[in-house]
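Structural features, examined
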Amino acid sequence: MGDSKNKKEHLKFGSQRILIIVSAVFLIIGVIGIYFMADPNLSFFNSEKPDTEIVDVPKEEDDFDKIENGIHVRTGFVEAEGLMTVVNNCTNCHSAKLVIQNRMNKERWLAAIRWMQETQNLWDLGPNEDIIVNYLVTNYPPSKKGRRETLANVEWYELKD
Amino acid sequence: MHRRNFVKKAVLSSMASAIGIDIVFGTTMPDGYLPLALQDPDPFEMFKKDKQMVVLNDKPWNMEAQAHLLDDKITPNKYMFIRNNGLIPEAIDVSKWTLTIDGESVGQPKTYTLSELKSKFKQHTYQLTLECGGNGRSEFDPPAKGNQWTIGAVSCANWTGIRLRDVLEDVGIKGDAVYIGYHAADIHLSRDPNKEPISRGAPMDKALQDETLLAFQMNGADIPLTHGYPLRLIAGGWPASVSGKWLQRISVRNKVHDGEKMTGTAYRVPCKPVAPGAKVPEEEMCIIESMPVKSLITYPKSGAMIAKGKKLNIRGHAWAGELEVTKMEYSIDFGSTWQRCRVEKPVNRLAWQHFSATVDFPQEGYYEVWGRATDSNGKSQPMLLPGWNPKGYLNNACHRIAVKVS
């Protein structure tokens, strides 16, 4: 009788232990699986990669759309009505620098948009088109240069032999 | 990238709660997804460029020199302009790199490995002038759309490779061949894999010239990544866009190549002169071939102040597309009088030529030294902007520097 009770106790403890082991195995598999999803290349364990590639996400996000002296720091665009519409539609493929260095009237900014839509996978801008074109014409209009400009911004220096 | 890091962080924190401890270095996990070199925010370091180079655009990368940076007879990489139309290829495996010659006008398409190209064909080195078709665009009025190049989108480096002609002869070209068009490994800005950022070419005459190379070296070393590593078509004297980078395929066409930026208004000018700001129908736009005569004063840098009575030594380079420069002059009185410069012969066809002169100033004051080159057909650089064109190409107006004598 006592023997059989001991045996039962033993079985009970045994099945509990198996349950714990099985749960632990599932937990480990789960953790490894989740890790694989996050880092399929196991780069965390690859000691050859330098530790210095720190990506400091929160700090970047704090300053993400910072304006300084009337300039949207991340893109260099002038802060004016329509700024974020321009940022969101015009800097996905190319840099803002390509926009900022150009000076065009409404007709030619529109022609540039049409060309991008026809050949460069730019989407239909819908009601944003007017906002974008107005922003561009207002802040980046053409200036008269004539047939040849005066030399500007000359940095004078003493020429030694 | 932000979203990716957010996912990574979220997963890491759920991992941490599952394990019951924090993953100490979790936030410094290296991101193996994007090529690290291309995330480098410093383009000068990334492309080994001098800090005085001017970045016009960072997506795609476009960077130009200033006149005084181009003083070397052979342009080193650090002063060579970058004009990319798409994104730089991300994973280049040289051991698997191949070049295929196909198209309507080849008998049978043929594919070569890079090592086959290097070993099978004789290698040649030429110093070749590459100038962006839009160099000088910033001066046009009304302004033209695109990167606003001033004067620095020109270079003349040594290129080593094999003749395209030798490879085309090995493949076998049909009698109806008209044009070659290149296809390359760069990525469209929209990342659409079905789009090519640029696929231009040249007529057979140009393709078969001695100096038209499939190059794998620039200035005696592997071509830098941003300039077309590991294989680049080089067609000196023509808009540099003909010299396709990251070359993978050349199609021999039985018609004018119709790849990206061959059609419409790209790299074309009005066939007949038009008034500034005119609308030009596409069928009246003609493909740019040889670049026009041009020169740069590369020494001294603009803004030199010298003492009265001192002579000023000036120097620079002149080039004329397919032609040679036969005369180089300078003026210190806004073109009223011109004096001759010494001008050297080119080291080979399509290389720029070096000029020099010693300038005397009659009295104190503000001067501009203007340079003017003349080509072997007798055409000179204009002092004013040349004919306006919708895309702002081919500005070969005289270069000038400011000088004060006191």
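About the criteria used
- Residues numbered from 1 in each chain as written.
- Chains lettered and ligands numbered in written order.
- Predicted model: local features only at pLDDT ≥ 70, side-chain atom pairs only at ≥ 80, totals over all residues.
- Heavy atoms only, no water.
- Helix = DSSP H or I, 4+ residues; strand = E, 2+ residues; numbered from the N terminus.
- Rg over C-alpha atoms; globule rule 2.2 N^0.38 Å.
- Buried < 20%, exposed > 50% of the residue type's maximum accessible area, 1.4 Å probe, protein only.
- Areas by Shrake-Rupley, 256 points an atom, 1.4 Å probe, with all protein chains shown as cover.
- Lys, Arg positive; Asp, Glu negative; His and termini not counted.
- Charge placed at Lys NZ, Arg CZ, Asp CG, Glu CD.
- Pairing = 2+ DSSP bridges.
- 1 Å grid on protein atoms, 1.4 Å probe; cavity = no way out; pocket = protein on both sides within 12 Å on 5 of 7 lines; lining within 4 Å.
- Points joined across faces, edges and corners; volume = space filled by probe spheres on them.
- Nonpolar A, V, L, I, M, F, W, Y, C, P; charged D, E, K, R; others polar.
- UniProt positions renumbered as here; feature names shortened; annotations may be inferred.
- Core = buried A, V, L, I, M, F, W, Y, C linked by side-chain atoms within 4.5 Å.
- Domains from an automatic or database assignment.
- Contact = heavy atoms within 4.5 Å.
- Axes fitted to C-alpha atoms, helices over the stretch in contact; angles between N-to-C directions.
- Phe/Tyr/Trp six-rings, centres within 6.5 Å; stacked < 30°, edge-to-face > 60°.
- Lys NZ or Arg CZ within 6 Å of the ring centre and 35° of its normal.
- Salt bridge = Lys/Arg side-chain N within 4 Å of Asp/Glu carboxyl O.
- pLDDT = per-residue confidence, 0-100.

**Quick look at the overall build of chain B**
- In terms of helices and strands, chain B carries six helices and 24 strands.
- Against the globule reference of 22 Å for 406 residues, chain B gives a C-alpha radius of gyration of 24 Å, in line with a compact fold.
- Along the three orthogonal principal directions, the C-alpha set of chain B runs to about 85 × 60 × 45 Å.
- A total of 406 residues make up chain B; the buried ones form 56% of that total.
- Surface summary for chain B: the accessible area is close to 16500 Å², and the carbon and sulfur share equals 52%.
- Between the mean site of the 50 positive side-chain charges and the mean site of the 44 negative ones, chain B shows a separation of 2 Å.

**A short note on the sheet that holds strand β20 (residues 339–340) of chain B**
- Ordered by their spatial adjacency, six strands build an open sheet running β3(A)-β17(B)-β24(B)-β23(B)-β19(B)-β20(B), and the pairing between neighbours is mixed. If you trace the sheet from one side to the other, it starts and ends with β3 (157–158) of chain A together with β20 of chain B, each paired once.

**Some words on empty space enclosed by the protein**
Residue and element names in this part refer to chain B.
- Under the definition given, this model contains five cavities of 30 Å³ or more.
- Reported here for the largest cavity is a volume of approximately 220 Å³.
- In this structure, the largest cavity is lined by 22 residues; those nearest its centre are Arg83, Arg232, Ala240, Ser243 and Lys245.
- Taken together, the residues of the lining of the largest cavity break down into ten nonpolar, eight polar and four charged.

**Some details on the UniProt feature "domain: Moybdenum cofactor oxidoreductase dimerisation" (unreviewed entry) in chain B**
- When the UniProt feature table is mapped onto this chain numbering, "domain: Moybdenum cofactor oxidoreductase dimerisation" (unreviewed entry) sits at residues 287–405 of chain B.
- Measuring from the first to the last C-alpha atom of residues 287–405 of chain B gives 45 Å, for a span that is 0% helix and 45% strand.

**Focus on the nonpolar core**
Residues and elements named next belong to chain B.
- Grouped together as the largest cluster of nonpolar side chains are 54 residues, with contacts concentrated most on Ile101, Leu117, Val167, Ile180, Leu214, Leu231 and Ile250.
- Of the residues forming this core, the biggest block, four residues, is contributed by helix α5 (residues 164–171).
- The residue makeup of this core includes at least three contributed by each of domain 2 (54–287) and domain 3 (294–405).
- With near-sequence residues (within four places) excluded, Leu214 lies in contact with Leu99, Gly161, Ile162, Leu164, Val167, Leu231, Arg232, Leu233, Leu247 and Ile250.
- One finds Val293, Ala304, Ala318 and Val405 within the second-largest nonpolar core, a separate group that totals 24 residues.

**Looking at the sheet that holds strand β5 (residues 110–113) of chain B**
Residues and elements named next belong to chain B.
- Taken together, the five strands give an open sheet; going across it, the order is β5-β4-β13-β8-β9, and neighbouring strands pair in mixed fashion. If you trace the sheet from one side to the other, it starts and ends with β5 and β9 (201–203), each paired once. The sheet shows a mean angle of 15 degrees between the axes of neighbouring strands, taken without regard to direction.
- Pairing geometry for strand β8 (residues 179–184) and strand β13 (residues 247–253), over six bridges, is antiparallel. Bridged to His183 within β13 is Arg249.
- Running over the sheet, α5 touches β4 (98–102), β5, β8 and β13 and is turned about 130 degrees from β5.

**Quick word on the packing of aromatic side chains**
- Tallied over the full model, the rule gives eleven aromatic pairs over all chains.
- Between Phe361 of chain B and Tyr367 of chain B, the aromatic rings sit 4.7 Å apart at their centres with planes inclined by 50 degrees, giving tilted as the arrangement.
- According to the relative accessible area criterion, Tyr367 of chain B is buried, its value standing at 9%.
- Pairwise contacts between aromatic rings join Phe77, Tyr135 and Tyr140 of chain A into one cluster.
- The aromatic ring of Tyr299 of chain B is capped on one face by Arg315 of chain B, whose charged end is 4.3 Å from the ring centroid.
- In this structure, Arg372 of chain B is placed above the aromatic ring of Trp338 of chain B, and the distance from its NZ or CZ to the ring centre is 4.1 Å.

**Thoughts on unusual backbone geometry**
- At the junction of Tyr229 of chain B and Pro230 of chain B, the peptide bond is cis and its omega measures out at 5 degrees in the coordinates.
- Here Pro230 of chain B is to be found in the loop between β11 (221–222) and β12 (232–234).
- Phi at Asn69 of chain A takes a positive value of approximately 50 degrees, unusual for a residue other than glycine.
- Note that Asn69 of chain A resides in the loop between β1 (67–68) and β2 (71–72).
- Asn69 of chain A gets classed as exposed once you look at its relative accessible area, which sits at 79%.

**Overview of the pattern of salt bridges**
Residues and elements named next belong to chain B.
- Counted by the stated rule, this structure contains 29 salt bridges over all chains.
- Put simply, Asp360 and Lys311 hold a salt bridge, and the shortest N to O gap is 3.1 Å. On the criterion of sequence distance, the pair formed by Asp360 in the loop between β22 (353–359) and β23 (365–375) and Lys311 in the loop between β17 (304–306) and β18 (312–319) is long-range, its members being 49 residues apart.
- Where salt bridges share partners, they join Glu104, Arg253, Lys255 and Asp258 into one cluster.

**Overview of the confidence of the model for chain A**
- Of the residues in chain A, 70% reach a pLDDT of 70 or more, and the chain-wide mean stands at 79.
- Counted against residues more than four places away or in other chains, residues 1–5 of chain A, with its pLDDT under 50, gives zero contacts.

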